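Examining the three-dimensional arrangement
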Amino acid sequence: MDTTLQQIQKETEDWLENFIEKQHPKFGNFAICPYAKHARTNKKITFRRGVNPYDDLRKHVENNGNEGYEVFIYAYDPKEWSSDEFHNLIYDANDNILAQHDLISLSDHPDSKEVVNGVVLNQGTYAYSMIAPLSALNEASAKLHKQGYYDHWENAEEYLTSLFRGRTDPRLESSNA
């Protein structure tokens, strides 16, 4: 990947600002990620070029984790990793390393289309490993669930199951209450 880190950051921030942070009618006029704008505008997201998803996540924990950032993004050339291999390396790191440090990585690979309500959610150019504090993500998801956010995700059970892998699924928590 000949792209500079600055170009990756710019393209990713453009995707966040112009798509992920925008209210969308197919999501009940919620933003696709209601917390993205706060993290981006408060400079709580940082970027790195990734080399190997599993090794990068292991080193991430060894080097002080998220270093005060809400989201720490490693970007990869998707041609270097098949979608299955990429996701499995991140799932393994989540299970074997990150969870013990209250962190989780959410993966995004352009060959693994994330479609909800007919809307493709992927950025489309890069493969991402997006690391966030697990407890904060669970808390944010619970708040969104109480606001009815997930009620608008129609025919998305497979995607939501994947999204909540290794996390507390607030839809299940409330059904047990």
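The preceding data block contains the structure.
This one's a predicted model, so the numbers in the text were calculated from it and none came from an experiment.

**A few points about the packing of helix H3 (residues 53–62) against helix H4 (residues 83–98)**
The N-to-C vectors of H3 and H4 enclose an angle of 25°; their axes lie 8 Å apart at closest approach. Taken together, the axes of H3 and H4 are roughly parallel relative to one another. Relative to H4, H3 is oriented so that their crossing is right-handed. For the pair formed by H3 and H4, the contact residues are Pro53, Tyr54, Leu57, Arg58 and Val61 on the first element and Phe86, Leu89, Ile90, Asp92, Ala93, Asn96, Ile97 and Leu98 on the second. Taken together, the residues of the contact of H3 with H4 sort by class into ten nonpolar, one polar and two charged.

**Regarding the sheet that holds strand S3 (residues 45–49)**
Strand order across the open sheet formed by four strands is S3-S4-S8-S5, with mixed pairing between neighbours. Each of the sheet's edge strands pairs with one partner strand only, and the pair in question is S3 and strand S5 (103–108). Averaged over all pairs of adjacent strands, the angle between their axes in this sheet comes to 20°, without regard to strand direction. Pairing analysis gives five bridges linking strand S4 (residues 71–76) to strand S8 (residues 127–133), with the strands arranged antiparallel. Its bridge partner lying in S8, Tyr76 is registered against Ala127. Contacts between helix H1 (residues 5–20) and the sheet are confined to S3, S4, S5 and S8, with S3 contributing the most and set at about 135° to the helix.

**Notes on the pairing of S8**
Across the seven residues that make up S8, a large majority, six, are buried. Across six bridges, S5 lies against S8 in antiparallel orientation. Note that in S8 the partner of Leu106 across the bridge is Met130.

**Side note on unusual backbone geometry**
With phi around 75°, Asn64 is a residue other than glycine that occupies positive phi space. Mapped onto the elements, Asn64 comes out in the loop between H3 and S4. For Asp102, which is not glycine, the phi dihedral falls at a positive 55°. Checked against the element boundaries, Asp102 lands in the loop between H4 and S5.

**Overview of the pattern of salt bridges**
On inspection of all chains with the given rule, the structure shows nine salt bridges. In this structure, the salt-bridge partner of Arg40 is Glu17, at a minimum N-O distance of 3.9 Å. Linking Arg40 in helix H2 (residues 36–41) with Glu17 in helix H1, this pair joins segments that are 23 residues apart in sequence. Several salt bridges converge on common partners, so that one network encompasses Glu17, Glu21 and Arg40.

**What about the environment of Tyr76?**
Structurally, Tyr76 can be placed in strand S4. On the basis of relative accessible area, Tyr76 is assigned to the buried category, the value being 1%. Engagement of the side chain of Tyr76 in a polar contact is seen with the side chain of Asp56, the distance being 2.6 Å.

**A short note on the nonpolar core**
By size, the foremost hydrophobic cluster in this structure holds 28 residues, and its most contacted members are Phe27, Val116, Leu121, Tyr128, Tyr150, Trp153 and Leu160. Of all the secondary structure elements, the ones that give two or more residues to this core are H1, H2, S3, S4, S8 and helix H6 (157–163). Among the elements that take part in this core, H1 stands out by supplying four residues, more than any other. With 15 residues, the next largest nonpolar core counts Tyr76, Ile90, Leu103 and Ile131 among its residues.

Definitions and cut-offs
- Residues numbered from 1 in each chain as written.
- Predicted model: local features only at pLDDT ≥ 70, side-chain atom pairs only at ≥ 80, totals over all residues.
- Heavy atoms only, no water.
- Axes fitted to C-alpha atoms, helices over the stretch in contact; angles between N-to-C directions.
- Helix = DSSP H or I, 4+ residues; strand = E, 2+ residues; numbered from the N terminus.
- Parallel < 35°, antiparallel > 145°, perpendicular 65-115°, else oblique.
- Left-handed = near helix turned anticlockwise from the far one by under 90°.
- Contact = heavy atoms within 4.5 Å.
- Nonpolar A, V, L, I, M, F, W, Y, C, P; charged D, E, K, R; others polar.
- Pairing = 2+ DSSP bridges.
- Buried < 20%, exposed > 50% of the residue type's maximum accessible area, 1.4 Å probe, protein only.
- Salt bridge = Lys/Arg side-chain N within 4 Å of Asp/Glu carboxyl O.
- Polar contact = N/O pair within 3.5 Å; in protein donor to acceptor, adjacent residues only side chain to side chain.
- Core = buried A, V, L, I, M, F, W, Y, C linked by side-chain atoms within 4.5 Å.

By themselves these figures say nothing about function.
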